Amino acid sequence: MTAPTTKALYRAMFLMALGVFWFSVLDAVTKKLTEGYGTWQISATSRMITLTVVLTMILYQHRGVHVLRTSFLVTHMVRSLFVVATTWTFFECLRYLELADAIAIAFAAPLFITAMSGPILGEKVGWRRWSAVVIGFVGVVVALEPGRHGVSWGALLALIAAITYAIGQLWLRPLAGREQGHNIIFYATLFSLLIVLGPAIHEWKWPVNAFDWGLFLVQGSCSTLGQMCMVRAFRVGEASLLAPFEYTALVWAGLFGYLFWGDLPTIQVLVGAAIIIGASLYIAHREAVKRGAAA
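Residues numbered from 1 in each chain as written. Predicted model: local features only at pLDDT ≥ 70, side-chain atom pairs only at ≥ 80, totals over all residues. Heavy atoms only, no water.

## Quick notes on the overall build of the protein
Selection criterion: A run of H or I in DSSP becomes a helix once it reaches four residues, and a run of E becomes a strand once it reaches two; helices and strands are each numbered from the N terminus. Classification of residues uses two cut-offs on accessible area relative to the type maximum, computed with a 1.4 Å probe and protein chains only: under 20% is buried, over 50% is exposed, and between them is partly exposed. In this description, contact between two residues means that some pair of their heavy atoms is separated by no more than 4.5 Å. The Shrake-Rupley method, run with a 1.4 Å probe, gives the accessible areas here. Residue values count only the displayed protein chains as cover. Positive residues here are Lys and Arg, negative ones are Asp and Glu, while His and the chain termini are left out of the count. Charged groups are reduced to one reference atom each: NZ for lysine, CZ for arginine, CG for aspartic acid, CD for glutamic acid.
Counting its regular elements, the protein contains 12 helices and 0 strands. Principal-axis analysis of the C-alpha atoms places the extent of the protein at approximately 55 × 55 × 35 Å. Here the protein, with 295 residues, has 47% of them falling under the buried criterion. A sequence separation of at least 24 residues applies to 89% of the contacts in the protein between residues at least 6 apart. By element, 69% of the accessible surface of the protein is carried by carbon and sulfur atoms, the whole surface being about 14,800 Å². In the protein, which carries 21 positive and 14 negative side-chain charges, the distance between the mean positions of the two groups comes to 12 Å.

This is the structure:
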């Protein structure tokens, strides 16, 4: 396997940054939608739009759905459960938290991925990465702002979203290099849509105006664009190279939160986020060193 060119690596970094931007727009639009609509409905409509866009692109590029054949149907079905859990808890936490606060807590996902990679996948985690995990969790506690009244419901939901996201990513790891990127997006979207459809119908509320219809359309489209950008980025770039771009989400969250709701993250949340990001970047660095040594 030949090493990617410098141009390809720059393209991967650009796609990663662009993917994070689209997901940041999705989060902001979702927070706006939670002001008038149920979380199940928001999840369902997002998946309907994503599924439509993905199928359209597959038909355009491959002239048929034969490329959707997969040998990992059960894996996709099980992962969709974690996808639904992640989506619902994170979308729901946006009702209660400022955008930047929710993103800062969700940054704990890489810590959980490292901590659970041993029990779930049997991977060996050295003392350096465990030390980074412990330090990262200190940052999580700081960002959660427990105070005298305990951890808020919104913060707890964001933390659960980080945990279920980590499990979903670990569940997907055995498919690395064995499954097509469009299949990963398609089946996660299809099966999670089937799961959320029932609760969504129960709480369904038709958009009241063209603006709300537009928000739903933007939300679903951003989900598709974000996934596709990241899948293509990771085809070329290593996780250690692309990981720093994930944290630009905090910049976008702070900007959108201020522009649309006048929110600014507290110093405590920013300090917690800085600790989490530092620990996560060190973990990514150690994993890159480990892969280099193995090679």
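After presenting the structure, the write-up continues.
## Section: the pattern of salt bridges
We apply this condition: Counted as salt bridges are all cases of a side-chain nitrogen of Lys or Arg within 4 Å of a carboxyl oxygen of Asp or Glu.
A complete count under the given rule lists 2 salt bridges for this structure. Two residues, Lys-32 and Glu-35, come together in a salt bridge whose shortest N-O distance is 3.3 Å. Since its relative accessible area comes to 36%, Lys-32 is described here as partly exposed. A salt bridge links Arg-95 to Glu-92; the shortest N-O distance between them is 3.1 Å.

## Quick look at the side chain of Thr-34
Of note, Thr-34 is situated in the loop between helix H1 (6–33) and helix H2 (39–62). For Thr-34, a relative accessible area of 7% translates into the label buried. Non-local contacts of Thr-34, meaning those with residues more than four positions away in its chain, are made with Ile-42, Phe-91, Leu-94 and Arg-95.

## Examining a nonpolar patch on the surface
Selection rule: Here the term patch refers to residues with relative accessible area over 30% and no salt bridge, with like charges joined within 9 Å and nonpolar side chains (Val, Leu, Ile, Met, Phe, Trp, Tyr) within 5 Å.
Together, Tyr-96, Val-151, Trp-153, Leu-156 and Ile-160 give the surface a local cluster of nonpolar side chains, amounting to about 460 Å² of exposed area. Relative to the assigned elements, Val-151 resides in the loop between helix H6 (127–144) and helix H7 (153–172).

## Quick look at the packing of aromatic side chains
We count it as follows: Stacked, edge-to-face and tilted labels apply to pairs of Phe, Tyr and Trp rings (six-membered ring for Trp) whose centres lie within 6.5 Å, assigned for plane angles under 30 degrees, over 60, and everything in between, in that order. Placement of a positive charge over a ring is assigned whenever Lys NZ or Arg CZ falls within 6 Å of the ring centre and within 35 degrees of the normal to the ring plane.
All chains considered together, the criterion is met by 13 aromatic pairs. A ring pair is formed by Tyr-187 and Phe-191, whose centres lie 5.9 Å apart and whose planes are at 25 degrees; its orientation type is stacked. A residue pair is termed a helical-turn pair when its members lie 3 or 4 positions apart in one helix, as Tyr-187 and Phe-191 do in helix H8 (residues 181–202) at 4 residues. By relative accessible area, which is 9% here, Tyr-187 ends up buried. Overall, the relative accessible area of 14% leaves Phe-191 in the buried class. Centre to centre, the rings of Phe-260 and Trp-261 are 5.9 Å apart; their planes meet at 90 degrees, and the pair counts as edge-to-face. Given the relative accessible area of 54%, Phe-260 is considered exposed. Three or more aromatic residues joined by ring pairs form one cluster here, namely Phe-21, Trp-22, Trp-252, Phe-256, Phe-260 and Trp-261. The side chain of Lys-31 reaches across the aromatic face of Trp-261, ending 5.5 Å from its centre. Geometry around Tyr-37 places Lys-205 over its ring, the cationic atom sitting 5.3 Å from the centre.

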